[in-house]
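If you want the building blocks of each chain, they are given just below.
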Amino acid sequence: MAKVYTATGRRKSSVAQVKMTAGKGNITVNGKDVREFMPYETYVMDLMQPLTLTNNEKAFDIDVKVTGGGASGQTGAIRLGIARALLEYDAPNEENEDSYRKILKRAGMITRDPRAKERKKPGLKAARRAPQFSKR
């Protein structure tokens, strides 16, 4: 049985559970092929970044279950999940100069993006948008 590397990624209100096994480079998201699931090719390129940086595009089969948010948030969550799964795979080599941790950290793939929608405040139309001022 092949070893399964699991990780969770979050972005905005999206949560992605990633399962990574040795394979041929197939990525499935919620049971569909990634190119079928994601509306734009740029999203696919974005979530493939950790694999591209570590030269693992064809080394792993990745199965993702993602919920919540929109396409952009889900892409960011999947990307973080893949990066974390790669770190789990490369854990024994963490001290080496060419470890995945150093590569991914330099590219900013390990840090969870904390930006989320700001809450609406009372008396305003949105988080900061005030009602239009009328002199008369």
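All of the points below concern the structure found in this document. (Residues numbered from 1 in each chain as written. Predicted model: local features only at pLDDT ≥ 70, side-chain atom pairs only at ≥ 80, totals over all residues. Heavy atoms only, no water.)

### Things to note about the pairing of strand S1 (residues 5–11)
- Going residue by residue along S1, you find Tyr-5, Ala-7, Gly-9 and Arg-11 tucked away on one face and Thr-6, Thr-8 and Arg-10 left uncovered on the opposite face.
- Hairpin geometry of S1 and strand S2 (residues 14–22) is characterised by an intervening segment of two residues between the two adjacent antiparallel strands and by a positive phi of about 55° at Lys-12. (Buried < 20%, exposed > 50% of the residue type's maximum accessible area, 1.4 Å probe, protein only. Helix = DSSP H or I, 4+ residues; strand = E, 2+ residues; numbered from the N terminus. Pairing = 2+ DSSP bridges.)

### Structural notes on the packing of aromatic side chains
- Counted according to the given criterion, the structure contains four aromatic pairs.
- Look at Phe-60 and Tyr-89: their rings are 4.9 Å apart centre to centre, the planes differ by 80°, and that puts the pair in the edge-to-face class. Taken together, the residues span a long stretch of sequence, with Phe-60 in strand S5 (residues 60–67) and Tyr-89 in helix H3 (residues 71–89) at a distance of 29 residues.
- Counting every residue linked through ring pairs, the aromatic cluster contains Tyr-5, Phe-60, Tyr-89 and Tyr-100. (Phe/Tyr/Trp six-rings, centres within 6.5 Å; stacked < 30°, edge-to-face > 60°.)

### A closer look at the sheet that holds strand S4 (residues 32–33)
- On the basis of which strands lie adjacent, the open sheet formed by five strands has the order S1-S2-S5-S3-S4 and mixed pairing. Of all strands in the sheet, those with a lone pairing partner are S1 and S4, marking the two edges.
- Across two bridges, strand S3 (residues 27–29) lies against S4 in antiparallel orientation. Bridge pairing links Val-29 to Lys-32 in S4.
- Sheet contacts for H3: S1, S2, S3 and S5; angle to S1, the most-contacted strand, approximately 145°. (Contact = heavy atoms within 4.5 Å. Axes fitted to C-alpha atoms, helices over the stretch in contact; angles between N-to-C directions.)

### Looking at the packing of helix H2 (residues 41–53) against H3
- Orientation of H2 relative to H3, taken along the N-to-C sense of each, is 15°, at an axis distance of 8 Å. The orientation of H2 with respect to H3, classified from their angle, is roughly parallel. By crossing handedness, the relation of H2 to H3 is classed as right-handed. Counted together, Tyr-43, Asp-46, Leu-47, Gln-49, Pro-50 and Leu-51 of H2 and Ala-71, Ser-72, Thr-75, Ile-78, Arg-79, Ile-82, Ala-83 and Leu-86 of H3 form the full contact between these two elements.
- For the contact of H2 with H3, a count of residues per class yields nine nonpolar, three polar and two charged. (Parallel < 35°, antiparallel > 145°, perpendicular 65-115°, else oblique. Left-handed = near helix turned anticlockwise from the far one by under 90°. Nonpolar A, V, L, I, M, F, W, Y, C, P; charged D, E, K, R; others polar.)

### A closer look at the pairing of S2
- As paired elements, S1 and S2 share seven bridges and run antiparallel to each other. Its bridge partner lying in S2, Ala-7 is registered against Val-18.
- Note: S2 against S5, eight bridges, orientation antiparallel. Residue Val-18 lies in a different strand from S5, and its bridge partner there is Val-64.

### A few points about the nonpolar core
- Counting 28 residues, the largest nonpolar core has Ile-62 and Ile-78 as its most contacted members.
- The set of elements that each furnish at least two residues to this core consists of S1, S2, S3, H2, S5, H3 and helix H4 (100–106).
- Per-element tally for this core: the top contributor is H3, with seven residues.
- For Ile-78, the residues in contact, after removing those within four places along its chain, are Ala-16, Val-18, Val-29, Met-38, Leu-47, Val-64 and Val-66. (Core = buried A, V, L, I, M, F, W, Y, C linked by side-chain atoms within 4.5 Å.)

The values reported here are purely geometric and, on their own, carry no functional implication.
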